[in-house]
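Here's the letter readout for the chains.
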There are 2 protein chains.
Amino acid sequence: MADLHAFFRPQTVAIVGASKKPGKIGNVLVKNMIACGYPGRIYPVNPKEEEIEGLRCYPNLSAIGESVDLVVVAVPASRVIAVAQECGLAGAKNLVVISAGFKEVGKEGLILEKELTRICRSYGMGLLGPNCVGMMDTHVPINASFSAVFPKQGNIAFISQSGAMLVAILDWSLATGLGFSRIISLGNKADLNEADFIADAANDPNTRVILCYIEDVARGQQFLRVARAASRKKPVIILKSGASQAGAQAASSHTGALAGSDLAYETAFRQSGVIRARSMAELFDLAVAFAHQPVPKGNRVAVVTNAGGPGIVTTDSIEMSELTMARFSKETSQELRANLPREAAIYNPVDVLGDAGENRYRFALEKVLGDQSVDSAVVLVCPTAVTEPEQTARAIIETHRIHPDKPVFAAYMGGKTLAAGAKLLAEEGIPCFTFPEPAVRALSGMVRYARARELPEKEKELELGGIQPEPVKEILQKVRQEGRLTLVGSEASQVAGCYGIAVAPIVLATSPDEAAARAQEIGFPVVMKVASPQILHKTDIGGVKIGVETPQEVKKAFIEITENVQRFLPKVVIHGIEIQKMMPKGTELIIGMTRDVQFGPLIAFGLGGIYVNLLKDISFRLAHGLTRQEIQHMLTETKAYTLLRGYRGEKPKDIGAIVEMIARTARLALDFPEIGEMDINPVFAYPDGAFALDIKITIS
Amino acid sequence: MADLHAFFRPQTVAIVGASKKPGKIGNVLVKNMIACGYPGRIYPVNPKEEEIEGLRCYPNLSAIGESVDLVVVAVPASRVIAVAQECGLAGAKNLVVISAGFKEVGKEGLILEKELTRICRSYGMGLLGPNCVGMMDTHVPINASFSAVFPKQGNIAFISQSGAMLVAILDWSLATGLGFSRIISLGNKADLNEADFIADAANDPNTRVILCYIEDVARGQQFLRVARAASRKKPVIILKSGASQAGAQAASSHTGALAGSDLAYETAFRQSGVIRARSMAELFDLAVAFAHQPVPKGNRVAVVTNAGGPGIVTTDSIEMSELTMARFSKETSQELRANLPREAAIYNPVDVLGDAGENRYRFALEKVLGDQSVDSAVVLVCPTAVTEPEQTARAIIETHRIHPDKPVFAAYMGGKTLAAGAKLLAEEGIPCFTFPEPAVRALSGMVRYARARELPEKEKELELGGIQPEPVKEILQKVRQEGRLTLVGSEASQVAGCYGIAVAPIVLATSPDEAAARAQEIGFPVVMKVASPQILHKTDIGGVKIGVETPQEVKKAFIEITENVQRFLPKVVIHGIEIQKMMPKGTELIIGMTRDVQFGPLIAFGLGGIYVNLLKDISFRLAHGLTRQEIQHMLTETKAYTLLRGYRGEKPKDIGAIVEMIARTARLALDFPEIGEMDINPVFAYPDGAFALDIKITIS
């Protein structure tokens with residue numbers, strides 16, 4: 001992990017490509033660094049100039065005469081490599097490469113970028129960019145960017161993969177009063193990436209909430225580790241775009257077809273405690289909420305309003321989110337009843353009526369915030385002839401000070417009449433909206449975070465007994481040697497068995513006599529299936545016989561199946577006929593695995609059988625860091641779980657056995673990266689135990 | 001339907017309860033009416049005053065000396081009845097009752113309100129309110145309200161069941177520049193309701209879009225008829241709150257349990273072409289969109305941006321809505337390629353790059369709007385050193401004028417830098433947002449409307465042959481006479497059969513011998529079930545035998561079932577044993593009916609069987625006005641439809657038979673309002689035909 005202390009707090013900064021000409025990036029960079037009040041020494045570097053913006057200009061880094069902590073580079077791409085080399089020799093610690101013309105322009109740029117990265121690594125220099133706007137820290141202060149705006153000081157760190165969006169948000173922030181601790185434009189992420197800056201912001205005392213706009217993550221495992229640790233300290237809120245561009249990844253399994261690349265991100269965010277924003281508005285509404293309000297202890301909200309309709313709208317919004325309307329204690333209700341007008345509604349939402357002034361709001365808010373059964377409050381103000389928007393704002397601010405551990409949001413529903421009151425609230429850190437729904441959405445995000453940060457500090461490795469990797473290795477090797485990518489059922493079952501997955505006994509037979517003998521060993525009745533990775537729908541071509549009861553029937557079925565296959569698919573190679581113990585019908589489940597390029601194995605669980613793709617009752621988890629507790633959560637997200645608990649009078653099924661099977665599937669996927677996809681479908685769950693009936697494994 | 005021409009365009013207005021005292025509602029009403037520039041004659045009425053706000057004041061209505069078209073009433077509730085009486089005698093055409101103290105305060109108020117309504121009806125006077133803010137029309141102009149704000153003239157009619165929300169929105173509208181044609185505060189809806197005003201606004205030439213905030217509808221059937229007719233003329237956009245308060249309605253059927261009261265509204269809105277807004281922000285974003293932009297011909301959107309990141313965010317947002325990214329014609333792509341810089345992205349989104357000025361935007365927008373495969377455009381502008389926000393705004397406005405039939409939206413992502421450009425766009429009717437997602441959401445609402453208004457003008461009554469209502473009447477009568485609320489299976493099957501619903505043959509037998517005889521008539525194998533409305537889960541107590549093959553087995557089963565029931569449920573009355581033809585297994589479906597208090601019968605269709613409540617694969621339609629085409633749509637909304645079309649190589653099922661069964665269920669529900677709930681579960685669908693296997697009917 002990069003140490004970014006020197007990055008944000010350099011003693012000395014050089015700007016290579018500094019310029020005298022107003023409007024040029026090399027000029028803006030020097031001006032910005034001076035204007036922000038940067039307390040260190042600034043060295044413009046340009047061989048053609050003597051002085052820039054009142055500072056002495058140097059022909060090159062070595063001419064400066066002292067080592068430079070941070071170098072901001074804004075020379076044409078073709079010259080960046082030479083500059084980086086010079087930086088390395090001069091002992092620079094970090095580079096911010098503003099210059100464009102790298103990976104984003106195609107193959108030649110990519111070669112240049114790789115060379116740049118190599119040089120920086122060889123000298124142990126950190127590299128931000130290339131092709132970025134730069135970075136700022138309002139507390140140092142430092143502005144190593146060409147942004148036209150240096151934001152208001154605040155406690156939000158904003159990390160953006162889009163420079164344009166970053167600049168847009170800075171411009172917008174001045175109008176809305178949003179303050180930032182840090183601003184980082186990631187550019188091409190050749191070296192330093194979102195995870196590096198999330199990790200550093202997590203330790204930055206001036207940062208209270210970490211905001212990211214990303215289009216991808218650079219390194220999945222690093223991201224997971226960093227995001228998880230950071231989320232335990234402070235909220236990490238991410239707007240991840242590109243979900244629609246995921247496209248269809250080639251997938252031969254059910255699990256693969258059901259998981260898209262966005263799903264891997266969704267799962268990764270959830271498992272690492274990251275709060276995902278669904279829109280730009282939500283990203284910044286959440287930022288404002290976390291920047292000034294405490295994280296609520298629970299999801300019970302009190303609403304105080306001076307009008308019925310907006311109260312109902314707010315109630316709807318609350319009940320449709322993960323929030324719930326608080327139920328007040330008897331004491332609270334009695335106090336409200338005794339002190340509010342007779343027509344006032346004293347249950348939640350509390351309607352203090354249209355003629356309410358400051359005092360009635362203050363009283364009601366104090367009572368509900370003082371109630372043990374309330375975790376947060378939303379205050380609605382509609383303009384009436386007697387509304388006191390500013391005094392009411394003060395009442396909200398002061399009452400919140402008495403209960404600083406409970407977040408308070410406001411919706412001032414109006415225009416000019418309420419503007420001064422709304423401004424007052426915003427200035428004092430009470431998020432204030434025009435309409436109630438965004439307030440509820442932001443509060444709901446806070447509750448999601450409150451739950452998410454309760455992740456255990458370090459995931460225990462799943463302890464699993466009876467694992468035999470060696471035979472698995474041999475089977476996979478054999479399959480690969482035979483030039484196959486798919487295991488036949490008996491091979492897949494062996495693999496699963498080596499990892500302690502309970503499999504309905506299955507063996508491969510290559511002659512009618514062998515089949516009969518094997519069936520007798522397993523015990524009747526048996527199911528017989530043609531063994532060929534090339535045949536997808538075995539039933540349709542007469543490749544399956546169920547309920548075979550005697551050795552004679554086995555022999556007959558062997559011949560029939562072979563004939564059927566030869567008739568329908570004469571060119572297909574068959575490995576023989578598989579004989580499987582016929583299991584009593586259980587609850588049909590699927591356990592599956594597909595592999596994400598960034599985050600590794602994704603484990604799936606849900607309703608199994610032939611309708612898997614139709615019902616889409618599947619929940620996913622990343623195998624990395626998966627705990628038994630997390631698997632339990634995973635189960636509860638599905639309809640299958642309702643069946644497992646015993647539906648309509650049925651006996652509950654062995655949930656422990658399912659958890660175990662999922663854990664072992666995850667371990668198998670982690671131990672053998674060459675396993676590309678895996679479907680166990682169906683798994684039959686019984687009141688006592690669970691068995692894998694059909695296993696498909698594909699290697700890549 | 002009320003004729004509201006005189007309501008909005010009265011020649012004369014009296015204000016009863018007019019007051020001299022500033023701040024009093026009776027004073028505000030007079031001032032508002034004068035200030036808005038109302039062109040008719042205004043008569044303040046107050047026996048204690050000679051003159052109010054420069055107008056002669058009258059002691060009562062008859063003293064005015066001419067008939068008064070509209071009377072605005074703002075006297076205490078206790079005096080409203082007498083005033084209404086006086087209005088009737090004086091020949092007033094319409095009343096706006098501002099006064100509170102009616103239904104909203106409880107039982108006594110309700111009595112008063114009923115009396116007020118009775119008087120108004122007896123004189124043929126229209127009544128708005130009581131307990132309302134009043135109404136306005138900016139084109140007349142008239143302001144019969146005590147709102148502090150008279151809005152900017154515009155083409156949005158806003159009808160609100162919440163007075164406070166209406167006032168809040170008016171206050172807010174001044175800050176945002178939103179213009180209205182009409183404003184109606186519905187109050188208690190004692191007489192005139194949302195449907196009356198929707199119908200009238202649909203015919204109002206000054207109104208282009210109808211906006212409603214409602215908490216309920218007054219009369220379901222009227223609403224459906226009116227909303228459907230209005231939606232064909234102009235968009236009707238409704239924010240309906242109170243969804244969370246629906247609570248659990250008592251439901252004994254699957255269908256009833258799956259439908260909540262909000263679902264009836266959801267279905268009613270969709271079937272009548274109403275666009276439902278999900279939040280206050282969406283309501284007004286949609287209003288702005290429809291107020292100035294044409295309805296798009298299709299869902300294909302072009303995006304023009306000067307930055308990549310925001311382009312991706314917009315693309316995501318589009319692909320996750322009912323919109324799709326347009327694919328440009330070859331000519332468009334070639335022209336863009338030839339005229340934009342090499343680094344520009346010429347596929348959708350078109351990235352004109354950060355250094356784009358007005359010209360590049362103008363060129364790109366003109367090309368994409370000129371493309372036949374583009375139905376609408378979203379233009380994104382991020383601030384850069386060379387952005388020309390105002391000139392670009394003009395380019396957008398002018399280009400849109402060349403293609404007035406394609407809606408154009410903008411997102412100006414920034415603050416002060418872009419403010420003047422954004423303002424220019426808003427003034428010229430190009431909806432302009434800070435972030436792209438609300439633009440996409442509003443555009444998506446327009447596309448929903450484009451589809452919704454294609455409803456046929458008048459729904460044909462479903463033509464159904466072979467309907468026999470008489471025997472149904474007799475069966476229901478018999479059940480009621482026996483003091484039962486539930487039909488036994490054979491009765492329910494008879495009822496269904498009378499409406500041409502294909503039922504697996506079922507008969508009731510009361511002795512083992514009768515059972516054997518009946519089974520022989522039906523044909524073996526048969527299923528036998530205990531007939532008792534009191535037994536819910538018949539299988540669990542041994543009340544069902546399947547696959548009974550011979551008369552001997554039937555007799556034996558009859559005795560066994562009877563004994564089982566006597567052992568488990570000795571006190572239950574049984575009607576006998578039902579013998580049903582055992583049908584081959586088909587695709588299991590459910591067709592159901594539950595009754596909504598406002599909108600009448602709701603018809604359900606989806607995956608059937610014992611997992612109905614778990615899978616929740618159900619779509620709903622109101623029976624009123626249901627067409628075969630609509631039933632077809634209804635089918636396609638379910639996963640069951642995938643099965644019907646033939647899943648995984650299965651033969652397609654007889655979809656026509658299912659449509660017919662749904663149509664007949666709907667007709668049965670419409671013809672017999674006493675049927676409260678009905679479940680046909682399962683229906684077995686086959687490649688040729690479909691049969692109802694188990695029918696539950698409850699009467700209310």
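Since the model is a prediction, treat every value here as computed from it, not as a measurement.

Participant: Just to check I follow, could you spell out the sheet that holds strand S22 (residues 526–531) of chain B for this structure?
Facilitator: By way of backbone hydrogen bonds, the strands of a sheet pair with one another, either parallel or antiparallel. Residue and element names in this part refer to chain B. Read from one edge to the other, the open sheet built from four strands follows the order S21-S24-S22-S23, with strand pairing classed as antiparallel. In this open sheet, the two strands that pair with only one neighbour each are strand S21 (506–509) and strand S23 (544–548). Shown here is a sheet whose adjacent strand axes are inclined to one another by a mean of 25 degrees, direction ignored. Bridging between S22 and S23 involves three bridges; their strand directions are antiparallel. Within S23, the position partnered with Met528 by the bridge is Lys545. Across the face of the sheet, helix H18 (residues 489–498) comes into contact with S21 and strand S24 (576–581) while running at roughly 145 degrees to S21.

Participant: I keep staring at the domain arrangement of chain A and nothing clicks. Help me out?
Facilitator: Frequently, the measure chosen for interface size is the accessible area removed from exposure when the parts meet. With domains assigned, chain A is organised as domain 1 (5–207), domain 2 (296–452), domain 3 (505–582) and domain 4 (587–699). Taking the mean C-alpha position of each, domain 1 of chain A and domain 4 of chain A sit 47 Å from one another.

Participant: Help me understand the packing of helix H17 (residues 469–481) of chain B against H18(B), please; the structure alone is not making it clear to me.
Facilitator: Residue and element names in this part refer to chain B. At a minimum axis separation of 9 Å, H17 and H18 run at an interaxial angle of 155 degrees. Between H17 and H18, the angle is such that the two are roughly antiparallel. Along this stretch, H17 crosses H18, giving a crossing that reads as left-handed. Of H18, the residues touching H17 (which contributes Pro471, Val472, Ile475, Lys478 and Val479) are Glu491, Gln494, Val495 and Cys498. Of the residues that constitute the contact of H17 with H18, the class distribution is six nonpolar, one polar and two charged.

Participant: I would appreciate a short explanation of the relation of the copies chain A and chain B in the present structure.
Facilitator: Related by rotation about an axis and a shift along that axis, the two copies of the chain form a pair. For the match of chain A to chain B, the screw axis carries a shift of 0.1 Å, the RMSD comes to 0.1 Å, and the turn is 180 degrees. Given the turn and translation reported, the copies of this chain are related as if by a two-fold rotation axis. Relative to the rotation axis, the C-alpha of Leu615(A) is the closest in chain A, positioned 3.9 Å from it. The fraction of interface residues of chain A whose copies in chain B are also interface residues reaches 100%, indicating that both copies meet through the same surface.

Participant: Where do I start with the interface of chain A and chain B in this structure?
Facilitator: Chain A puts 56 residues into the contact, and the matching count from chain B is 56 residues. Summing the contributions of chain A and of chain B, the shared interface buries around 4,500 Å²; its carbon and sulfur component is 66%. Among the residues chain A hides against chain B, the three largest losses belong to Phe435(A), Leu614(A) and Arg648(A). Together they make up 14% of the total. Across the chain A-chain B interface, the total number found is zero salt bridges. If you look at where chain A meets chain B, you find 14 residue pairs in polar contact (both at pLDDT 80 or more). Among the secondary structure elements, those contributing two or more residues to the side of chain A that touches chain B are helix H5 (163–176), helix H10 (280–292), helix H11 (308–319), helix H15 (416–427), helix H16 (436–452), helix H21 (612–615) and helix H23 (639–644) of chain A. The dominant element in the side of chain A that touches chain B, judged by the number of residues it contributes, is H5(A), at eight residues.

Participant: Would you mind going over the pattern of salt bridges with me for this structure?
Facilitator: All told, the structure shown has 77 salt bridges over all chains when counted by the stated rule. Residues joined by salt bridges that share partners form a network here, namely Asp137(A), Arg182(A), Asp200(A) and Asp204(A).

About the criteria used
- Residues numbered from 1 in each chain as written.
- Chains lettered and ligands numbered in written order.
- Predicted model: local features only at pLDDT ≥ 70, side-chain atom pairs only at ≥ 80, totals over all residues.
- Heavy atoms only, no water.
- Pairing = 2+ DSSP bridges.
- Helix = DSSP H or I, 4+ residues; strand = E, 2+ residues; numbered from the N terminus.
- Axes fitted to C-alpha atoms, helices over the stretch in contact; angles between N-to-C directions.
- Contact = heavy atoms within 4.5 Å.
- Domains from an automatic or database assignment.
- Parallel < 35°, antiparallel > 145°, perpendicular 65-115°, else oblique.
- Left-handed = near helix turned anticlockwise from the far one by under 90°.
- Nonpolar A, V, L, I, M, F, W, Y, C, P; charged D, E, K, R; others polar.
- Least-squares fit on C-alpha atoms with pLDDT ≥ 70 in both.
- Buried area = accessible area lost by both parts, 1.4 Å probe.
- Salt bridge = Lys/Arg side-chain N within 4 Å of Asp/Glu carboxyl O.
- Polar contact = N/O pair within 3.5 Å; in protein donor to acceptor, adjacent residues only side chain to side chain.

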